[in-house]
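A closer look at the structure
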Amino acid sequence: MTLPTDPTLAPFFNPQGIVLFGASSNPTKLGFGLARNLVQSGYPGAIHFVNPRGGMLLERPVYQDLTAVPDPVDLAVLLLPAELAPETLAACGQRGIRAAIIASGGFRETNEAGARLEQACLDIARQYGMRLIGPNCIGLVNTHLPLDTTFLPPPGPTPGDVAFVSHSGAICAAVIDWARGQGFGLSQLVSLGNQADVTETDVLAPIAADPHTRVITLYLEGIGNGRRFVQQAAQVSRTKPVIALKVGRYAAGRKAAASHTGALAGSESAFDAAFRRAGVIRAGSSEEQFDWARALAWCPLPAGPNVAVLTNAGGPGVTAADALEAQGLKLASLTEATIDQLQAILPPFASLHNPVDMLASASPEQYAHALRILLADPGVDSVLIVLPPPPMYATGGVARALIPIIYASPKPVVVAVMGERLIQEAVEHFRAARVPEYRFPERAASALAVLTRRATFLAQEDRAPILFDDVQPDVVRALLHRLPPESASLPAELAEQMLAAYGIRVPPLVLAESQATAVQVADAMGYPVALKIASPDILHKSDVGGILLNVAAPADVAAGFVQLVDRARAARPTAVIQGVHVQKMIPRGQEVIVGVVSDPQFGPLVMFGSGGVEVEGLGDVAFALAPLTPNDADYLLQTTWAGRKLSGYRDIAAGDETAVRDVLHRLAQLAADFPELAEIEINPLRVLPGDQGVYALDVRAILGEGTTDSLR
């Protein structure tokens, strides 16, 4: 699959000539460090320095202004005081330079004056059709071109196959040094800074197109255009793995949430849903991100989740087995032929069943022979080798014996080399051979798990969202236009009519403003009925005792009307009480919650989980982006207890799962069609047994701020 790339970004990744503004001959200045890195990187194109003082730098002329710089030059790097950036960009635009990196700080990250300077730079760039990286960044590195536009201290990153895109320049500096110490290299590094123009979404396709890049890693502090990121990342992740570390995950989200859905949703739920839709693997830590990146860059993908563990000690083998199970993997069941072959080469008291414990006396040759046997077992999809320092042999010798077998294997093998000083020779051998090695079994098991996740993702059919032709958006639009000015929440009757317009079944709901009317309505519906307090100021009726169920006689309806109104007035003295809603009772069944909440970055999110009054306490919910694909619906049902028990559990009769899926897709389509709906919640959605369908028993819908006026 060939991804289309934006030609306007080409000068960043393969420039013909570079001009550096702010080059300095003072070794203590960043302008010297950047000039040094440009030259020492071995960049094969033209390098030009500009500084009003002129002179020579690194045996190259320093031009006093851009007009004296010879061709070719298609990339400018600015390391100047912030106030000089706009006029410098204008000069670049007049010269025909269409790409610039603003490495300087002093812009939006500082104050309002800096924000105005940044906007001025962006305006000039747009005037000339120029693309900008930064400001407040350290630039980019391409180890294979090669090119280094950073001012970081040498040595730069080792050439490798992992690309790193970061919103933080300081993180870039740390990752370069750490990667070198961990024995893996980088293909590309891009520091985006304030992202006045070029964003993480923009650089995904050109980095994926780099033949030297096998894995893309992202350090994200946020995403500007969430839906565009999902669309682009979904294409890229089909060609190369994308691993994201999104920080700030415990920052406070929306403080005002009028529904359970809004209360349970947060920005992190949105990021999780977006990454899952896009096929982006979310890491929990920097160490985990690069543990996974090495495995994905260096290992083949497994055919399944079955792992064999090979070790020379019982305790580490059990630790590995626990870690694998915790990651959702399985210990492979070894065939009798495999066990017989192991028995022939190992001591009498060795454990021949998975985990395979060869005992402390295991030699390099026994390690190699046992690994070859395990890899040949058809029930083994991958192997985790646990290697504490053998008492009678050097770990380096074991590594040398294992590497040729690992290198030739079509199945992934990762190694937990336990220890520190006694294992250094083995570590160096494994790194040189591009065999992922980790200090403890837990990290190695996590790496195997991410390989399995990647294989599962690629095996899944990339299915489009389900959309229905029988929905009535014109009806919903008309309902929204009927709302009075400054309305925030929809009256229950309108909310239920809105659902009905999208094919979601709602039992009739009638507002009774008096006892007598309530009795008349109940008589017409037939008993038993449910009574619910009607108030735009009381969204959670159960909180005030505002619901009565199974009301079976006219006298009970009349008494229930008074009871509900009295309770509501006592609990919420200032609330507007419209009366009582009367609704036909629906047969028993399972109860789930289905909701939608609008995220400012990614748009509408669909929630599904255990319903009723304890939804927030249980926390049994999952989120997915709207509109939903079949894979999204699978995820919502399979990762929640509410979804899994739809197939029945003990004395709980199986519910109509097909009807639940239908509601999920229809509600998601409604939310996508009407982004002005900030929150929609059905709680509970009553799921009847067998194939009897579902009913939305209680519905609330809330408009986003300012949307009422926009509808008129």
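Residues numbered from 1 in each chain as written. Predicted model: local features only at pLDDT ≥ 70, side-chain atom pairs only at ≥ 80, totals over all residues. Heavy atoms only, no water.

1. Observations concerning the overall build of the protein chain
Counting secondary structure elements, the protein chain contains 25 helices and 30 strands. In terms of principal-axis extent, the alpha carbons of the protein chain reach across some 95 × 80 × 45 Å. In the protein chain, buried positions account for 58% of the 712 residues. Put simply, of all contacts in the protein chain between residues at least 6 apart along the chain, 73% involve residues at least 24 apart. Of the roughly 29,100 Å² of accessible surface on the protein chain, 53% is carried by carbon and sulfur atoms. Of the charged side chains in the protein chain, 54 are positive and 70 negative, and the gap between their average positions amounts to 2 Å. (Helix = DSSP H or I, 4+ residues; strand = E, 2+ residues; numbered from the N terminus. Buried < 20%, exposed > 50% of the residue type's maximum accessible area, 1.4 Å probe, protein only. Contact = heavy atoms within 4.5 Å. Areas by Shrake-Rupley, 256 points an atom, 1.4 Å probe, with all protein chains shown as cover. Lys, Arg positive; Asp, Glu negative; His and termini not counted. Charge placed at Lys NZ, Arg CZ, Asp CG, Glu CD.)

2. So, the environment of Thr-639
Within the secondary structure, Thr-639 is located in the loop between helix 22 (630-638) and helix 23 (641-644). Not counting the four nearest positions on each side in its chain, Thr-639 is found in contact with Ala-622 and Arg-644. Only 2.6 Å separates the side chain of Thr-639 from the backbone oxygen of Tyr-635, close enough to count as a polar contact. (Polar contact = N/O pair within 3.5 Å; in protein donor to acceptor, adjacent residues only side chain to side chain.)

3. Describing the packing of aromatic side chains
For the structure on display, the rule yields nine aromatic pairs. Between Phe-164 and Phe-290, the ring centres sit 5.7 Å apart and the planes meet at 55°, which makes this aromatic pair tilted. Residue Phe-164 is found in strand 10 (residues 159-166), and its partner Phe-290 is found in helix 10 (residues 286-298); the two are separated by 126 residues along the sequence. When its relative accessible area of 1% is taken as the criterion, Phe-164 is described as buried. Each ring, one from Phe-271 and one from Phe-602, has its centre 5.0 Å from the other, and the planes form 80°; the classification is edge-to-face. Remark: Phe-602 occurs in the loop between strand 25 (590-599) and strand 26 (603-610) and Phe-271 occurs in helix 9 (residues 267-278); sequence separation between them is 331 residues. Each residue in the set Phe-164, Trp-178, Phe-184 and Phe-290 is aromatic and connected to the rest through ring pairs, giving one cluster. Across from the ring centre of Tyr-635, 3.5 Å away, lies the NZ or CZ of Arg-276, which sits over that ring. Taking the ring centre of Trp-292 as reference, the NZ or CZ of Arg-453 above it sits at 5.7 Å. (Phe/Tyr/Trp six-rings, centres within 6.5 Å; stacked < 30°, edge-to-face > 60°. Lys NZ or Arg CZ within 6 Å of the ring centre and 35° of its normal.)

4. Structural notes on the environment of Gly-648
Locating Gly-648 in the fold gives a position in the loop between helix 23 and helix 24 (657-673). Each C-alpha atom, one on Gly-648 and one on Val-398, is 52 Å from the other, the two residues being 250 residues apart in sequence. Once residues lying within four places of it in the same chain are set aside, the contact partners of Gly-648 are Ala-653 and Ala-654.

5. Quick look at the confidence of the model for the protein chain
With 95% of its residues at a pLDDT of at least 70, the protein chain reaches an overall mean of 92. pLDDT under 50 marks residues 706-712. Its contacts with residues more than four places away, or in other chains, come to 14 contacts. (pLDDT = per-residue confidence, 0-100.)

6. Points about helix 19 (residues 515-525)
Residues Ala-518, Val-519, Val-521 and Ala-522 constitute the buried set of helix 19. Each buried residue of helix 19 sits inside an arc of 165° when the element is viewed along its axis, so together they form one side. Among the exposed residues of helix 19, those oriented more than 90 degrees off its buried face are Gln-520 and Ala-524. Summarising the contacts, the buried residues of helix 19 are in contact with strand 21 (509-512), strand 22 (529-534), helix 20 (554-571) and strand 24 (579-584). In the segment just after helix 19, Gly-526 is the residue with positive phi, at about 95°. (Arc of directions from axis to C-beta.)

7. A word on the sheet that holds strand 13 (residues 242-246)
As summarised here, the arrangement of the seven strands in space is 9-8-11-10-12-13-14, forming an open sheet in which the pairing is mixed. Where the open sheet ends on each side, the last strands, each with one partner, are strand 9 (147-148) and strand 14 (281-282). Sheet analysis places strand 10 next to strand 11 (residues 186-191), joined by five bridges and oriented parallel. Residue pairing for strand 11: Phe-164 is matched across the bridge by Leu-189. (Pairing = 2+ DSSP bridges.)

8. Concerning the packing of helix 7 (residues 226-236) against helix 9
Packing of helix 7 against helix 9 leaves a shortest axis separation of 8 Å and a crossing angle of 35°. Of the residues in helix 9, those in contact with Phe-229, Val-230, Ala-233 and Ala-234 of helix 7 are Ala-274, Phe-275, Arg-277 and Ala-278. The residue makeup of the contact of helix 7 with helix 9, split by class, is seven nonpolar, no polar and one charged. (Axes fitted to C-alpha atoms, helices over the stretch in contact; angles between N-to-C directions. Nonpolar A, V, L, I, M, F, W, Y, C, P; charged D, E, K, R; others polar.)

9. Remarks on the sheet that holds strand 23 (residues 547-551)
Within a sheet, adjacent strands bond to each other through the backbone by hydrogen bonds, running parallel or antiparallel. Pairing is antiparallel across the open sheet formed by four strands, whose spatial order is 21-24-22-23. Looking at strand neighbours, the two that pair on one side only are strand 21 and strand 23, the edges of this open sheet. Adjacent strand axes in the sheet meet at a mean angle of 25°, parallel and antiparallel pairs treated alike. As defined by bridge partners, strand 22 adjoins strand 23 across three bridges and the pair is classed as antiparallel. Among the inter-strand pairings, Lys-532 is bridged to a residue of strand 23, identified as Ile-547.

10. Quick look at the nonpolar core
The biggest cluster of nonpolar side chains holds 59 residues, and the ones touching the most others in it are Phe-12, Leu-218 and Phe-229. Top element by residues in this core is helix 9. It accounts for six residues. Those residues in contact with Phe-12, other than ones at most four positions away along the chain, are Leu-75, Ala-99, Ala-100, Ile-101, Arg-131, Leu-132, Ile-133, Leu-140, Leu-147 and Val-198. Within the second largest apolar cluster, 47 residues are counted, among which are Ala-495, Phe-608, Leu-664 and Leu-703. (Core = buried A, V, L, I, M, F, W, Y, C linked by side-chain atoms within 4.5 Å.)

11. Here we look at the side chain of His-581
Residue position: His-581 is located in strand 24. A polar side-chain atom of His-581 sits 3.2 Å from a polar atom in the side chain of Glu-493. Beyond its immediate stretch of four places on either side in the chain, His-581 contacts Ala-492, Glu-493, Leu-509, Val-510, Leu-511, Ala-530, Leu-531, Lys-532, Ile-533 and Ala-534.

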